[in-house]
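Geometric and topological summary
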Amino acid sequence: MFLNDWLITPLRVIWDDWRARVGGIIILLYVLMGTIGVVLISEPRPGDGPRLIRPFQDWAHPLGTDINGNDLFAQTVHATPPMLEMIVAGAVFTTALAMVVGTLSGYKGGIVDRLLMTFTDILLTIPGLPLVIVLALVLDPRQPWVVGVILTINAWAGLARAIRSQVLTIREEAYIEAARLMGISTWRILLKDITPSLMPYVLVNFVNAARTVVFASVALYFLGILPDTFLNWGVMMNYAYSVGGALYTSGTAHWLFVPLMTIVVLSFGLILFAQGTDRVFNPRVRARHASQDDLEPGEDDMSGEVATQIRG
Amino acid sequence: MTEPEPTTTKMGRPVFEVEGASVTYDMDRGVSRVLDDATIDIFEEEILGVVGESGSGKSMFASSLLNAVPPPGTLDGEIRYHRDGEVIDLLGLSPEQLRRVRWEDVAMVFQGAQSSFNPTISIRRHFEETLEAHEYDIENGLEHARQLLADLYLDPERVLGSYPHELSGGMQQRALIALSLVLEPDVLVMDEPTAALDLLMQRSILSLLENVKEKYELTVVFITHDLPLVAGLADRLAVMYSFKFVEIGRAEDVFSNPKHPYTRALLNAIPNLDTPRSRMHPIEGSAPDPVNVPTGCSYHPRCPLADEQCEAAEPPLAETTDKHHAACYYWEEAMEEIELSIESDEPAVDDTVVGRQSDEPVVSVDAVDVHFEQGGGGLFGFFSDPDTVHAVDDANLEIYENDVVALVGESGCGKTTLGKAIIAAQRPTNGTVRYRGQDIWGTRDGRVDGEIPWEQIRRSLQMIHQDPGSSLNSHRKIKSSLEDPLRRWHPNMDPGDREERILGMLEYTGMSPPTDYALRYPHQLSGGEKQRVALIRALLMNPDVILADEAVSALDVSLRLEMMDLMLELQDAFDTSYVFISHNLSNARYFAGNADGRIGVMYLGELVELGPVDEVIDEPLHPYTKVLKWATDDMELSDRIEDPPIRGIDIPDPVNPPAGCRFHTRCPEARTVCREESPSLDEAVSAHPTACFREYPMEHPYWDSEPVDDAEETVTGDPIDAG
Ligand code: SF4
Ligand code: SF4
C-alpha cells in the first residue's frame, strides 16, 4: 500500500512521460558517474598521456587530454561528486528555506507573516551576485556544500514570496478551514494539506535552483573568485581559457568544450525532468495509474476536461 | 390553471428542427453516448425549458444547437436552422459561416458569468469587441447595448464603465445576457444561466428575461436542472433523462400532469413550500453512466412500473395526448399509480416532530457584531483605509441540543458570517459567544478560566462547506481525509479500528463498496458524494453543533432531499444540532421543519425575523420574508412570472448600509419613518420576533407616516460581490 502510493505509482507516472524519462536517465547517468564512475576510473594525473590529444582519437583518452596530459574524461568524472554535493546542497537549502518561510508566513499571517516577509524583503533588495562574490571572497569556502549554500544565499527569498502568495490562495480553500476547525495542528496542515498543492511549483524551482548553482559555480570558478580547492568543471574551463587559450586556439578548444558540454547536458536533463514530473502530483493522473489493474466500470477514468464537459 | 393562455399555446413556425442528433465520445472503456437521438422542433418566439440532472446530456444538447460540441466528441444527425424562410444545415457549414450563425443568429449564455468575461477589460470594451468582430456599427450597437442594459434594470453608463469584478454576480449575469443580445440574434440558448445566483436574483432575472423576450421577439432555450424554476417561464418543457428526451409538452401539462414516471418522481423529489414534508421523496437509485446505459428503457432500474417489456425494448417518444409526448409504455398507469405530492387528496398533516431540545442552550450568541475591514489582506490589512463591512450587526441567537436553525437570506446578508461566529470559526468584533455558558473566545485567549477546555469547545463545533469541490483536499484519498479527525482525537486508536469506523460510515451513507470509495481521490466522486464525505468527516468529531453552509445548494435539486434526509438521520444517531444556511426557503423549510427547528431570516447583517418553521413559512411577518417567499413559491403555475414585489433588485452596499430600517430602500411597505428609525428584533416580545414597525403595537408612528416616493430611490444597488 505504502510502497504503491509513494514509489510505484509515481515511477509509473514518470515513466509515462518522455521528458521525465529522458531527464531522469540523464540525471541518473551523472549520479552513476559521481558514484561508480570515480571507482572505475582512476584519478587524472599530469603526464597520464600525451599533451592535448583531441577527443575520439585515442581510446585510452576518449575525450582527449589537456596541456599537461591530464585525461579530460577522468577529470570530468572526478569533478562530479563535489559538483553534485554542491548542487544538491544549494537546491535543498533554497527550496527548504523558502518552503518553511513561505508556507508559515502565508498560512499564519499576522505578526509572523510581517516579520518573515520584512526579513525576506530586505534580502531581496540586496543584489544577489555582488553579495555572493563578497561572501565568497570573505569566507573563502572550501567544502562543496558550503559553496552551494553561499551561491544560493538569497535565491530563496524570491521563491519564499512566491510560495507565500500561493499559500494565501490555498488557505482560503474550504478543506483548510475544515482542518483548522478540527483542531489539526498547524504543522500537520502545512505538511498534509498545503504542501502537496505546492509540489509541482516547488519541484520546478528546485531544479531551477540546481541550475543556478551549476551556472553560478562555473562562472565564479571560471572567474577565479572561488578558490580552486577541488576538481571542478568551472576550474577546468578556467584553465582551458587562461592556460590553454581555448577561445582562440583551435588545438585546445576541446579542453573548454568537454566541461561545457557536461554542464549543458546536465542542465538540459534537469529541465526535462522538472517539466515531465509535475504530473506526479496531479491526483487525476495518479489515480489513473494506480488503478491500472483494478479499474472498475463506473469509475471516472475519462480525462478531466471531457468529464467536466459531459457532466456539466 | 386549466384555461390555456394564448401565449403558451401559440406554436409558430419552427426555428430549429433537430432530428436524431447524437453526440459520442470514444473512450478507453468504450463509446460514451452523451446525447442520444435527440429529436425536437423549437418554434419561433417560444421559451423552451430543457430540464435534466447533471449528466443527463442537457448541456450537450445546448452545444449541439450551435454545433459547438467540445472535441473530441462527434455530432451526428440533422440540425436545421430557419433564418427568414431560408433553411440552413448547421452541420454542413464552414467554420466561418458557423461563426456568423453563432452570436448573430443564435447566441449562448453559460453558467458563471465570471469566467465568460475577460477581467482585464471593461464591460464597454466587451461590447465593442463583439460588435467589431462581427462588423457591426459600433455607435448603433452601443446604443442598443444601453437599451438592453436598461431593460435588464441596470444603469447602462455605470455598467459599461465598470470592470467585470466591480459588478455583483447578478449584475454580471445580466450584463452577459445583454452582451449576447447586442447582435440582435433570433435565438438565445441559456445553459444554467442563473445556477450560481440566489433564488431571489434568479427569479428577478427570469422575470426580466420574459420582458426582454417579448420586446425583442426572441426564441429562448433555457437549460436547467431546476424544473420548478423554469416551469413558470417556459412555454414548453422538455425533460431529459440519461441523454434522451423522455417527455416533451406544454409547460403546464408537463408540470401539473407529467406522464413519464421519471418526471413524476423528479417533481416529488424537489423541496417546495406547499407540499407536506412527509410526501417529498428522493428518487431511488442513481443516474446511469454514459458508457453503460441500461438496455431498453434506461429508467427501468429506478422505475416502480418496470416490467420485461421495459427491459427489452426502448419505448419511443410518442404523442400521448394533445402535443404532449412521453417515452414510456405505461404512461397511463404512471399517472394513476405514481401520485404527485402536490395533488394528493389526503389531508396534509405534517406529523410535528417533537424536538428533544434542551433547556440550556449549547451555544448562545449575545449581541454579536462582526465587521470586516475591506481591502488589503482581509483581517490583517491594517494598512488599508478602513472601509468597514458590517457583515453581522447585533445578532442574538441560541442553539439548543438537537436543534436545527436555518438561516436564510441573499448572498452578502451575513448568514455565513453569523454561522461561523456561532461555531467559533469567526471571532466577533463585539459581543459574546458562549458554549454551554462559557465564553468561547475568553477561553481561547486564556482570559476565562472555565471548566471546559478550549480543545473540547473546538471539537464540538464543526462545519460542512458549500462547495463540494473545495471541501476535500484533491491531493488526498478519501480515507486519508477521513483519518484526520480520528488521528487527532483518538491518537491511540488502532489503525484497524480506525479503518473500520471509516468504512462503516461510508457504507452507512450509501457509498459502497466502501473499500473502493476509501481509496478514491475526490475527483472520482460526484458532488453529492463529496458532500457526504464532508459530513462524515464532521461527524467523526462527535460535535454538538454542525454549521452546514449551503451544504445542499450546489447539488441538483433532485439530490438535495436525499442529502438532507441523510443529515437528519445522522442527527438522531449522533445527537448534534445543525445551523443550516441557505438562500432557498424551501430547503430551509424541509430541513428545519423535519426537526421542529426554527428559521431565521437575515437581511444586510441583521436578523429580521426568527420563528418556528411553519409560522415563518405560512405567515411570514417581515416584508423581506414575504419577498423571499415569493422567490421560492414556484409550485403555483397559475400565476405566471410577475414583477417581483420588491423595489430594486440589487442589495445595497454593506459598507454603507442604509440608515433606519436597512430594508427601506427595497421594502414595498416602507414609509418615511423607516428611513430614520430602525426597528429591532426583540425575543422577549414573542416567540416569533420580527424587526419591522408593522409588527409593532398599533400606536407606532409608522402608521401615520407617509409612504416613500419611489422616484427618489435608485433602482440599482451598489456593486458588491453577490456571487
Ligand atoms: S417504459 Fe417502463 S421502465 Fe420506462 S419509464 Fe415507462 S414504465 Fe418505467
Ligand atoms: S420597518 Fe419599514 S422599511 Fe423596514 S421592513 Fe418594516 S415597513 Fe419595511
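Residues numbered from 1 in each chain as written. Chains lettered and ligands numbered in written order. Predicted model: local features only at pLDDT ≥ 70, side-chain atom pairs only at ≥ 80, totals over all residues. Heavy atoms only, no water.

1. Section: the overall build of chain A
Definition in use: Numbered from the N terminus, helices here are DSSP runs of H or I no shorter than four residues, and strands are runs of E no shorter than two. Relative accessible area decides the class of each residue, using a 1.4 Å probe on protein chains only: under 20% of the type maximum gives buried, over 50% gives exposed, and in between gives partly exposed. By the convention used here, residues are in contact when the closest approach between their heavy atoms is within 4.5 Å. Accessibility throughout is a Shrake-Rupley quantity obtained with a 1.4 Å probe, and a residue counts as covered only by protein chains that appear here. We count Lys and Arg on the positive side and Asp and Glu on the negative side, and we leave His and both chain ends out. The atom standing in for a charge is NZ when the residue is Lys, CZ when it is Arg, CG when it is Asp and CD when it is Glu.
Looking only at helices and strands, chain A has 13 helices and zero strands in total. Helices and strands in chain A line up, N terminus first, as α-α-α-α-α-α-α-α-α-α-α-α-α. Put simply, chain A has 312 residues, and 49% of those count as buried. The contacts in chain A between residues at least 6 apart in sequence include a share of 69% that link residues at least 24 apart. Carbon and sulfur atoms provide 67% of the accessible area of chain A, an area that totals close to 14,800 Å². Charge centroids of chain A, computed over 21 positive and 25 negative side chains, lie 5 Å from each other.

2. Remarks on the site of ligand 2
Counted only if it meets this: Whether a residue is near a molecule or strand is decided by its heavy atoms; if any one of them lies within 4 Å of it, the residue is near. Three categories are distinguished: nonpolar for Ala, Val, Leu, Ile, Met, Phe, Trp, Tyr, Cys and Pro, charged for Asp, Glu, Lys and Arg, and polar for the others, with Gly belonging to the last.
Close to ligand 2 lie 14 residues; His622(B), Cys661(B), Cys667(B), Cys674(B) and Cys692(B) are nearest. For the shell around ligand 2, the per-class residue count stands at ten nonpolar, two polar and two charged.

3. What to know about helix H3 (residues 72–108) of chain A
Residues and elements named next belong to chain A. Worth spelling out the cut-off: Each helix should span, by expectation, one fewer than its residue count multiplied by 1.5 Å. Bend angle per residue: angle between axes fitted to the 7 residues ending at that residue and the 7 residues starting there. Contacts described as polar in this section are N or O atom pairs within 3.5 Å, which, within protein, must combine one atom able to donate a hydrogen with one able to accept it, while residues neighboring in sequence count only if both atoms come from side chains.
With 37 residues, H3 extends 52 Å from end C-alpha to end C-alpha; this agrees with the ideal 54 Å at 1.5 Å per step. The largest bend in H3 is about 35°, located at Thr-80, with the proline Pro-81 one to four residues further on. With 27 of 37 residues buried, H3 lies mostly within the body of the structure. Measuring from the side-chain oxygen of the N-cap residue of H3 to the backbone nitrogen of Phe-73 gives 3.1 Å; that N-cap residue is Asp-71. Gly-109 sits one or two residues past H3 and shows a positive phi near 65°.

4. Observations regarding the environment of Lys259(B)
Residue and element names in this part refer to chain B. Structurally, Lys-259 can be placed in the loop between helix H11 (251–256) and helix H12 (261–268). Sequence separation between Lys-259 and Glu-569 is 310 residues, and the spatial gap between their C-alpha atoms is 32 Å. Excluding its chain neighbours within four sequence positions, the residues that come into contact with Lys-259 are Glu-247, Thr-320, Thr-321, His-324, Ala-326, Trp-331, Ala-334 and Met-335. At 2.3 Å, the side chain of Lys-259 forms a polar contact with the side chain of Thr-321.

5. Examining the packing of H3(A) against helix H9 (residues 186–223) of chain A
For any two helices packed against each other, the geometry is given by the interaxial angle and the distance between the axes. Residue and element names in this part refer to chain A. Selection criterion: Inter-axis angles, ranging from 0 to 180 degrees, are taken between N-to-C directions of lines fitted to C-alpha atoms, where helices are fitted over the stretch in contact. Left-handed is the label given to a crossing in which the near helix is rotated counterclockwise from the far helix by less than a right angle, and right-handed is the label when the rotation is clockwise.
Taken N-terminus to C-terminus, the directions of H3 and H9 make an angle of 140°; their axes are 7 Å apart at the nearest point. The chirality of how H3 crosses H9 is right-handed. Residue composition of the contact of H3 with H9, grouped by class: 21 nonpolar, eight polar and one charged.

6. Concerning the environment of Ile25(A)
All names here are of chain A. With respect to the element layout, Ile-25 can be found in helix H2 (residues 18–40). What makes Ile-25 partly exposed here is its relative accessible area of 44%. Between the C-alpha atoms of Ile-25 and Phe-273, which are 248 residues apart in sequence, the distance is 9.0 Å.

7. Description of the pattern of salt bridges
Residue and element names in this part refer to chain B. The test is simple: Only one rule defines a salt bridge in this text: a Lys or Arg side-chain nitrogen within 4 Å of an Asp or Glu carboxyl oxygen.
Evaluated as defined, the whole model comprises 48 salt bridges over all chains. The residue Arg-598 makes a salt bridge to Asp-403 at a minimum N-O spacing of 2.8 Å. Separated by 195 residues along the polypeptide, Arg-598 in strand S21 (residues 598–603) and Asp-403 in the loop between strand S14 (387–399) and strand S15 (404–408) bring together distant segments of the chain. Accessibility classification places Arg-598 together with Asp-403 in one group, the buried group. Salt bridges sharing partners connect three or more residues here, namely Glu-96, Arg-99, Arg-100, Glu-104 and Glu-135.

8. Regarding the site of ligand 1
Close to ligand 1 lie 13 residues, the nearest being Cys297(B), Cys303(B), Cys310(B), Cys328(B) and Tyr329(B). The residue makeup of the shell around ligand 1, split by class, is eleven nonpolar, two polar and no charged.

9. A short note on helix H2 (residues 58–65) of chain B
Burial within H2(B) is extensive, with eight of its eight residues counted as buried. Among the residues trailing H2(B), Asn67(B) stands out with phi positive, at a value near 50°.

10. Notes on the domain arrangement of chain B
Residue and element names in this part refer to chain B. Using the following cut-off: Start and end points for every domain follow an automatic or database-based domain assignment. Buried area is understood as the total, over both parts, of accessible area removed when two parts are fitted together, assessed with a 1.4 Å probe.
Assigned domains of chain B: these are domain 1 (9–249) and domain 2 (363–475 + 521–704). Its C-alpha centre places domain 1 at a distance of 34 Å from the equivalent point of domain 2. Taken together, the 26 residues of domain 1 in the interface contact 27 residues of domain 2. With both chains or domains summed, domain 1 and domain 2 bury close to 2,300 Å², and 54% of this area falls on carbon and sulfur atoms. Together, Leu-199, Leu-200 and Arg-203 form the three largest contributors to the area buried by domain 1 at its contact with domain 2, with a combined 32%. At the boundary of domain 1 with domain 2, the tally comes to zero salt bridges. Between domain 1 and domain 2 we count one residue pair in polar contact (both at pLDDT 80 or more) in total. At the level of elements, helix H8 (169–181), helix H9 (199–216) and helix H10 (227–231) are the ones that each hand at least two residues to the side of domain 1 that touches domain 2. By residue number, the principal contributor to the side of domain 1 that touches domain 2 is H9, which donates ten residues. Grouping the constituent residues of the side of domain 1 that touches domain 2 by class yields twelve nonpolar, seven polar and seven charged.

11. Here we look at the sheet that holds strand S2 (residues 30–43) of chain B
All names here are of chain B. Where we set the bar: Strand pairing requires that DSSP identify at least two bridges connecting the strands.
Taken in spatial order, the four strands line up as S2-S1-S4-S5 in an open sheet, and their pairing is antiparallel. The open sheet has two free edges, formed respectively by S2 and strand S5 (86–89), since each of these has just one partner strand. For this sheet, the mean angle separating the axes of adjacent strands, direction not counted, is 10°. As judged from the ten bridges shared by strand S1 (residues 14–27) and S2, these two strands associate in the antiparallel manner. Its bridge partner lying in S2, Pro-14 is registered against Phe-43.

12. Description of the confidence of the model for chain B
All names here are of chain B. Here is the rule we go by: Every residue is assigned a pLDDT by the predictor, reflecting its confidence on a scale from 0 to 100.
In this model, chain B carries an average pLDDT of 82, and 89% of its residues clear a pLDDT of 70 or more. Here residues 351–356 is modelled with pLDDT under 50, and outside its nearest four sequence neighbours on either side it reaches eleven contacts, counting other chains as well. Here residues 711–723 scores under 50 on pLDDT; set against residues more than four positions off or in separate chains, the count is 35 contacts.

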